[in-house]
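# Secondary and tertiary structure notes
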Amino acid sequence: MAHYSRRDFLKSGLAAAAIAGARVLPLAAARETATDWVTLGKSGVKVTRLALGTGTMSGQVQRDLGQEKFTRLVRYAYDRGIRFFETAESYHEMHKMLGVALEGIPRDSYRLLSKVTTRPGVDPQQKFDELRKLAKTEYFDVMLLHWQHTSTWPADTARWQDGILEAQERHAVVAHGASVHGLPALRQMPGNKWLQVAMIRMNHKGTIMDAEDYDSEGPGNVPEVTTHVQQVHKEGMGVLSMKLVGQGAFTTREDRQAAMRYAFQKAGVDSVTVGFKNNAEIDEAIENVNLALA
């Protein structure tokens, strides 16, 4: 018969308890961060929760940096883990500047979103190819119909919707969606079977957000916007939000943090895009998103 001392008994008992506890205690959930990869709904495209935007004041803030400073900014964001970059045709030189800034970085290591202006009389395929050439990319991970601001936009943009689907067939675009301005346009998003990604303005104060008039200078209707965000998310759309710092109007960090908390905790968006002009703003935005997710 084996002989056990009291110490041996205690050791074996503690070990057994530890094993038993390990079987029943759940593993601690990994902390969510700004640079995690998340899926934009049924599009299947994975992006980081925080994107670098290039459209502050229609891109003027980023253009004014000049190519060299802008390239350093983009590379800093990339090194910090931001792998999602957003631009638009109407941001003038920003496709070209972003293409230069990202040149040489493995294309499969980041995601690129563009927004196209749905003008009449323009060939969609020629426009997509023009933007791809400017951005030095073979494809866009997400292509959005930009600045849809009427209640009739789903019918008005049918030619562009078909054009994006054609671009997807030839692998020039991976996923598609729309960005809207104003409640009449936003109300057309829930139930829209074509949409994969919805870009919607969002912050806790309604600053530069959707109201009845798409060009309103007053506060937007935060409760209604939030309801639509939650609805399209339930329908499987990926939700990307902009205006998280009120287009620069939020001068206190408390407001900037509150906006991130509202977007992720209350509205439940997947990803947010913020325009930056220096490294400190990137660092702060990453920390603000991390705090909102904690």
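These numbers were taken from a predicted model, which means no experiment stands behind them.

Further remarks concern the overall build of the protein. Within the protein, the secondary structure is distributed over 11 helices and 10 strands. Over its C-alpha atoms, taken along the principal directions, the protein stretches across nearly 95 × 45 × 45 Å. Put simply, 75% of the contacts in the protein that link residues at least 6 apart link residues at least 24 apart. Only carbon and sulfur atoms are counted for the fraction: they give 53% of the accessible area of the protein, which is about 14200 Å².

Considering all chains together, one arrives at 18 salt bridges under this definition. Because the salt bridges share partners, they merge into one network encompassing Glu89, Arg119, Lys127 and Glu130.

Now for the side chain of Thr226. Take Thr226: it is sitting in helix H9 (residues 222-234). Given the relative accessible area of 4%, Thr226 is considered buried. Among the polar contacts listed, one links the side chain of Thr226 to the side chain of Tyr262, at a separation of 2.8 Å. Non-local contacts of Thr226, meaning those with residues more than four positions away in its chain, are made with Met202, Tyr262, Lys266 and Ala267.

Time to look at a negative patch on the surface. Together, Asp123, Asp162, Glu166 and Glu169 give the surface a local cluster of negative charge. Along the chain, the position of Glu169 falls in helix H7 (residues 158-169). The exposed category is assigned to Glu169, whose relative accessible area is 64%.

Looking now at the nonpolar core. What tends to happen in soluble globular proteins is that the nonpolar side chains get buried as a cluster. In terms of nonpolar packing, the biggest core is built from 70 residues, with Leu50, Phe85, Met189 and Val272 touching the most fellow members. Setting aside its immediate chain neighbours within four residues, Val272 contacts Arg49, Leu50, Ala51, Leu240, Ser241, Leu244, Met260, Ala263, Phe264 and Val289. One finds Leu40, Phe84, Val142 and Leu240 within the second-largest nonpolar core, a separate group that totals 14 residues.

Criteria and thresholds
All residue numbers here refer to positions counted from 1 along the written sequence of the relevant chain. At least 70 in pLDDT is required for a residue's local features to be given in this predicted model, at least 80 for side-chain atom pairs to be given and counted, and no such filter applies to totals for whole chains, interfaces and linings, which use all residues. The side-chain values count all of the structure's non-hydrogen atoms but skip hydrogen atoms and water molecules. Working definition: helices are DSSP H or I runs of at least four residues, strands are E runs of at least two. Numbering for both runs from the N terminus. Contacts are assigned to residue pairs that have any heavy atoms within 4.5 Å of one another. Areas reported here follow the Shrake-Rupley algorithm with a probe of radius 1.4 Å; residue values treat only the protein chains shown as occluding. In the sections that follow, a salt bridge refers to a side-chain nitrogen of Lys or Arg positioned within 4 Å of a carboxyl oxygen of Asp or Glu. Here's how the labels work: a residue is buried when its accessible area is under 20% of the maximum for its type, exposed when over 50%, partly exposed in between, all with a 1.4 Å probe on protein chains only. Counting of polar contacts relies on pairs of N or O atoms within 3.5 Å, with two restrictions inside protein: one atom must be capable of donating a hydrogen and the other of accepting it, and residues adjacent in sequence are counted only when both atoms are side-chain atoms. Each patch is built from salt-bridge-free residues with over 30% relative accessible area, joining like charges within 9 Å and nonpolar side chains (Val, Leu, Ile, Met, Phe, Trp, Tyr) within 5 Å. The convention is simple: Lys and Arg are positive, Asp and Glu are negative, and His and the chain ends are not counted. By convention, the point assigned to a charge is CZ for Arg, NZ for Lys, CD for Glu and CG for Asp. To form a nonpolar core, buried Ala, Val, Leu, Ile, Met, Phe, Trp, Tyr and Cys residues must be joined to one another through side-chain atoms within 4.5 Å.

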